[in-house]
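# Chains, contacts and geometry: an overview
Each chain is listed here by its residues.
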Amino acid sequence: MALAGCTGALSTLDPAGPAAAAIAELWWVMLGGAVLIFALVMVLLAGAFRQRPPPEADEARLLRVWVGGLGLAFTLTVLLALFAYGLWVGAQLKPAASAQVVQVQAEARRWSWRFRYADRPGYSSENLLHIPAGRPVDVAIRSADVVHSFWVPRLAGKLDATPGHVKVLRIEAAQPGRYAGQSAEFSGPGYLDHRFTVLAHDAAGWQAFLAGEGP
Amino acid sequence: MTALRRHRRLAAIWASEPGWRGPFSTVNHSDLGRMFLVTAFCFFAIGGLLAMLIRAQLASPQAAFVDADTFSQFFTMHGTIMMFLFAIPAFEGLAIYLLPKMLGTRDLAFPRLTAYGYWCYVFGGGMLIFALLAGLAPQGGWFMYPPLTGPAFAPEINTDFWLIGVTFVEISALAAAVEICVSVLKYRAPGMRLTQMPVFAWYALVTALMILTGFPPLILASVLLELERALGLPFFTPGAGGDSLLWQHLFWMFGHPEVYIIFLPAAGVVSTVLPVMARTPLLGYGWVVGAAVALAFLSFGLWVHHMFTTGLPELGLALFSAASTLVALPTGVQVFAWIGTLWKGRPGLQLPMLYLLGFFGTFVIGGLTGVMVAIVPFDWQVHDTAFVTAHLHYVLFGGFVFPLLAGLYYWLPLFTGRRRFFRVGELACALIFIGFHVTFLAMHWVGLLGQRRRIPSIDADSGWTLINLISSVGGFVLAIGLAMVLVDVLLHALINTRARRNPWESDGLEWAMVTPAPPYNFASLPQVGSRHPLHANPALPLQLARGEGYLGEPREGRRETLLVQAGDGRPEALVVYPGNSRLPITLAAVTGAAFVGVLLKQWWLLALGLSGVVALAWHWAWPARAVAQDAQPVGGDTALPRSESLARPPGWWGSAFLLVADATFFAALLFGYAFLWTVAPNWPPPQWLAPSLPALGLGLGLGLAGAAGAAAGLRWAWRGGRLLSAAGLLALALAWLLLLRQAPAGSSHAYAGALLVLAGFALLHLGLAALMQLRLALAQRRGRLGAARAGALAIATLWTDFAAGVGALGLAVAYLPPLWQ
Ligand code: HEM
Ligand SMILES: [Cu+2]
């Protein structure tokens, strides 16, 4: 769902992989709900100022309507629905085990990224992550110095690179191509340019990469 | 005595020193509340200026005019100033100014503590502003994650300015919180039950309790990071068993409640002002108070939602996500109760109401985006982007600044006794509203397009150029609006048009006095039997001025008020306050010297400052003269004893609430210890605490015997018990010294560092308890206690019990776990 004004190399609303697509859809649904709720509240607010006969003084009834009905029941219903929906999206995003999964490592330092590949031992690349298109990739993320964050907005959400810990993020690109990535945790003066590129190969390109051809 | 003579006599008793000396020695809550507010708004202006610089830098790809390092100082200081030097102190100032007036009394519980807090705030804030002007400002972002802020990556003094300055300012928040808790519970008009309190007092009480339990984790984190920076104890260095995540947990255990600490007082203003504007009582008082309490509890279970991208276990994510969603429920209850109140009444569109409408139109959006980021997958995308920056401003600006401005215009006549002449405020409101939404709606959007927060410039080919320009233009419109509010208030000060008393026809006691509010508030104290005292008895102001309430006869130049039972407000004792004093500012300056000692790593200065603090505190707490036993007339045919002679005097209540904060600090320390143990990399440590059985037995034995002795001793007999108790404290201290002798070097591993901190905490409290006992013994011998004896003993017992408790528990925590290894 690419609307005008939503595209861009780093746009979360221009997804190019299943995780980013699910989250973008989550956003549009939540935006719709939020707009409706906001409109409702504003209408109720405006309603209080209209010309009307002397207001009723039945406190108990007012409490039932405003606190019981709107404050508790309405709010709770919306929240429950949203939370359930969020869990469902989260479950979809849960990395499923599969022989298809490609393992790579990403190590952040100020201010570069180094990538290593389980299927091509001994090789590493800087600021360029090779992956096969159409296959799930598990990125094991670590940091050599301060906290960073691995983020390819068009493919998936972000995950921190915390020194001393290794965390795994599942990404996947639907189509071959280049996808912009950036660190998303402030890390000092070089933070702006702490970026990298994900290069998603087609099947043949990936085989060539593993065989040590090309870049 | 005529009303006018009474006014003159009381004003003379309660006045601050004339001329320039006044502010430096005043302990009066009206003075200090005003000073807090003015100072906070000065910091708001500085923070706002920084925001303009940030927006100028990001206005277009070519606009960048400072380098990345300076820019990081800008956003770090903007966030830090707004959160620590503006929002919290503005609440404190408002509460300090208003609470005694709303509660129908003459001052807060501990006037000198109010003043001490104010000066800590000014000195601590001054340190941060000095750093900003000197180009030495912190640059790690307002949440200062290590290792970026640790000794390896930020060895410069900039980070120390943050750690020291913010901790200094937090002392002031804790002081105000203790003050507010005791005042709300014990310093009210006779007869005012808890359930009849003005709703703002409830919000202030809840907020103060949250400060007491929310701030200690951050103070602990700051202490640990400063220890790492100054002495190399590796709490946040993964190579030696430390963990950045420890900081993140401690910071957000503070940081999330902080958001509600800022919002709740503002909600209190809404709950107070909105019903008056609607000419009807608040709908669902009990529900609204309950919602505030629920928010307070819930907000302590949410901190992890700031860490959704750190890769936590799934169950944890779901739980914290659920709690974060649920927190919208009490917020929803409040919002709908407010709108229901408007429906119940006949709302007009006076200026405070306009700002309240601005609040609704902004805060509701902030709440909705808040629920969005509570949904974990969505947060994975927008975390650390401009979307989150936009969200937090909808909550903080919408939820705090709009209500604050509503409150400002609402209480302005009380502050000054005047009404506005020009109508600048209305136009300002429109500009602020439009400017705000243009600025931050745009930032939501550009955040979704992938713009990170905290970047010093934007690329021309990013596609974000136009949106950022729009946002910057909006920012400047917003700034113009805020500047117009300032102009409006200044004009108001220049042009003297008298306001009527109680211009809004409010039901609140704060309007039952002449305006501008006199330093003593009420010429005599009202008897309250209703939640709406001024509507229940419109003649009240006149009766009070004629001295028909309690304490209508000023005597012996004493500042007096009444202490009441916490629940039902029955008068319990007569309070005699201390007068103007330069002790608070002196103590704050000496405290500051100790902080500067840490800042500059001049340990002699730290030692000097700390000794000065002890000496001055001793002097402060030394009873001026023995308190007589007999009851004193307080008006009508009531006679009451002095507050010092109660079994639980005000000092006991103050100590109890301070110990709540202290206990939270200790709990946070234990949490940190356990967290490192279970989660941090590079555990177990190379060397445990030597598990030799004799040492262990001796340590634990001495410790437990000491704890029991100290706790039991004081209660037993007046003389022998004290000896036993002192021996117990000494035994505990010895056990800790023994432990320190055996512990591995603190810089070798986070484990050893944690042992050192535990020992320091225990020894500090043991020493404190010993000092209090010494003071008690000396004061007793010199005959300075009189009727205050039982109360003084109760206070010393409280501190001794606490010291014995943490001393013994700490020993167990230090000795037992290595046994399992
Ligand atoms: C006067 C109007 C204000 C404007 C125009 C403004 C603008 C901004 C901007 C543009 C940023 C983002 C910097 C960046 O990450 O690129 C920012 C950050 C921030 N602002 Fe404001 N702000 C205003 C008022 C406030 C208020 C009233 C508060 C709190 C009570 C506040 C708290 C913060 C915080 C905590 C940050 C995060 C700082 C950090 O990333 O370390 N701001 N503000
Ligand atoms: Cu939060």
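This one's a predicted model, so the numbers in the text were calculated from it and none came from an experiment.

### Things to note about the coordination of the iron atom of ligand 1
Residues and elements named next belong to chain B. Within the protein, H78 (NE2) and H393 (NE2) serve as the donor atoms for the iron atom of ligand 1, at 1.9 to 2.0 Å. Considering all six donor atoms around the iron atom of ligand 1, angles at the metal cover 87 to 179 degrees and the coordination shape is octahedral. Pair noted here: H78 is in helix 4 (residues 68-103) and H393 is in helix 14 (residues 386-416), with a separation of 315 residues, a long-range link. Taken individually, H78 and H393 each receive the classification buried, so the pair is uniform in this respect.

### Regarding unusual backbone geometry
For the bond running from A:R110 to A:W111, omega is -10 degrees, close enough to zero to count as cis. Inspection of the secondary structure assignment puts A:W111 in the loop between strand 1 (102-109) and strand 2 (112-117). Note the cis peptide between B:W683 and B:P684, where omega equals 0 degrees. Looking at the secondary structure, you find B:P684 in the loop between helix 21 (650-679) and helix 22 (693-716). With a phi close to 50 degrees, B:E556 is a non-glycine residue in the positive phi region. Following the sequence through the fold, B:E556 ends up in the loop between helix 18 (540-545) and strand 1 (559-564). Phi angles above zero are rare outside glycine, and B:K601 is one such case at about 55 degrees. Within the secondary structure, B:K601 is located in the loop between helix 19 (583-599) and helix 20 (603-621).

### Remarks on the domain arrangement of chain A
All names here are of chain A. Segmenting chain A into domains produces domain 1 (10-93) and domain 2 (102-210). If you average the C-alpha positions of domain 1 and of domain 2, the two centres end up 36 Å apart. Counting from both sides, the interface comprises eleven residues of domain 1 and, opposite them, twelve residues of domain 2. Interface of domain 1 and domain 2: buried area, both sides summed, is about 890 Å²; carbon and sulfur atoms make up 62% of it. When residues of domain 1 are sorted by the area they lose upon contact with domain 2, L10, A16 and P18 head the list and together hold 55% of the total. Along the contact surface separating domain 1 from domain 2 lie one salt bridge. Among the ionic pairs, R154 bridges to D14, the shortest N-O distance being 3.8 Å. Where domain 1 meets domain 2, there are five residue pairs in polar contact (both at pLDDT 80 or more).

### Overview of the packing of aromatic side chains
Under the criterion given, the structure shown has 79 aromatic pairs over all chains. Summarising the aromatic geometry, the rings of A:W27 and B:F387 are spaced 5.9 Å apart at their centres and angled 90 degrees between planes, so their arrangement reads as edge-to-face. Remark: B:F387 occurs in helix 14 and A:W27 occurs in helix 1 (residues 18-47); the pair is interchain, linking two chains. When its relative accessible area of 8% is taken as the criterion, A:W27 is described as buried. Residue classification places B:F387 among the buried positions, given a relative accessible area of 0%.

### With respect to the site of ligand 1
Residue and element names in this part refer to chain B. As a structural note, the neighbourhood of ligand 1 is formed by 22 residues, with H78, W142, H393, R453 and R454 the closest of them. Between an oxygen atom of ligand 1 and a side-chain N or O atom of R453, the distance comes to 3.0 Å. One of the side-chain nitrogen or oxygen atoms of R454 is found 2.8 Å away from an oxygen atom of ligand 1. When residues of the shell around ligand 1 are traced back to their parent elements, those giving at least two are helix 3 (29-57), helix 4, helix 14 and helix 16 (465-494).

### Comments concerning the side chain of B:H437
Residues and elements named next belong to chain B. Assignment of secondary structure puts H437 in helix 15 (residues 424-448). Overall, H437 belongs to the buried group, its relative accessible area being 11%. In contact with H437, other than residues within four places in its own chain, are G361, T362, I365, Y394 and A442.

### Quick look at helix 12 (residues 351-374) of chain B
Compared with an ideal rise of 1.5 Å per residue, which puts 24 residues at 34 Å, helix 12 of chain B spans 34 Å between its outermost C-alpha atoms and is within 8% of the ideal. Summarising burial for helix 12 of chain B: 21 of the 24 residues are buried, a large majority.

### Here's the deal with the sheet that holds strand 6 (residues 148-151) of chain A
All names here are of chain A. Overall, mixed pairing links the five strands, which are arranged 4-10-9-6-7 in an open sheet. The two strands at the open ends of the sheet, each matched to only one other strand, are strand 4 (128-132) and strand 7 (159-161). Strand-to-strand twist of the sheet, defined as the mean angle between neighbouring strand axes without regard to direction, takes the value 30 degrees. Pairing analysis gives three bridges linking strand 6 to strand 7, with the strands arranged antiparallel. Directly across from F150, in strand 7, lies its bridge partner L159.

### Some thoughts on helix 16 of chain B
Each turn of an α-helix holds 3.6 residues, which means side chains three or four residues apart point in the same direction. Residue and element names in this part refer to chain B. An ideal rise of 1.5 Å per residue puts 44 Å on 30 residues; helix 16 measures up with 44 Å between its terminal C-alpha atoms. For helix 16, the complete set of buried residues consists of I467, N468, S471, S472, G474, G475, L478, G481, M484, V485, D488 and H492. Among the structural elements, helix 3, helix 12, helix 14 and helix 15 are those in contact with the buried residues of helix 16.

### Considerations on the interface of chain A and chain B
Tallying the contact residues gives 75 residues for chain A and 78 residues for chain B. Between chain A and chain B, roughly 6,400 Å² of surface is buried when both sides are summed, and carbon and sulfur atoms account for 73% of that area. Of all residues in chain A, the largest losses of buried area upon contact with chain B belong to A:F49, A:W66 and A:F186, amounting jointly to 11% of the total for that side. In this assembly, chain A and chain B are joined by two salt bridges. The partner of B:D459 in a salt bridge is A:R195, and the shortest N-O contact between them spans 2.7 Å. Our count for the contact surface shared by chain A and chain B stands at 17 residue pairs in polar contact (both at pLDDT 80 or more). Looking at the side of chain A that touches chain B, the elements that each hand over two or more residues are helix 1, helix 2 (59-93), strand 7 and strand 9 (177-183) of chain A. Residue composition of the side of chain A that touches chain B, by class: 45 nonpolar, 18 polar and twelve charged.

Thresholds applied
Residues numbered from 1 in each chain as written. Chains lettered and ligands numbered in written order. Predicted model: local features only at pLDDT ≥ 70, side-chain atom pairs only at ≥ 80, totals over all residues. Heavy atoms only, no water. Donors = N, O, S within 2.8 Å, 3.2 Å for Na, K, Ca; no water. Tetrahedral: all angles 85-135°; square planar, octahedral: opposite > 155°, others 65-115°. Helix = DSSP H or I, 4+ residues; strand = E, 2+ residues; numbered from the N terminus. Buried < 20%, exposed > 50% of the residue type's maximum accessible area, 1.4 Å probe, protein only. Domains from an automatic or database assignment. Contact = heavy atoms within 4.5 Å. Buried area = accessible area lost by both parts, 1.4 Å probe. Salt bridge = Lys/Arg side-chain N within 4 Å of Asp/Glu carboxyl O. Polar contact = N/O pair within 3.5 Å; in protein donor to acceptor, adjacent residues only side chain to side chain. Phe/Tyr/Trp six-rings, centres within 6.5 Å; stacked < 30°, edge-to-face > 60°. Near = heavy atom within 4 Å. Expected span 1.5 Å × (residues − 1). Pairing = 2+ DSSP bridges. Axes fitted to C-alpha atoms, helices over the stretch in contact; angles between N-to-C directions. Nonpolar A, V, L, I, M, F, W, Y, C, P; charged D, E, K, R; others polar.

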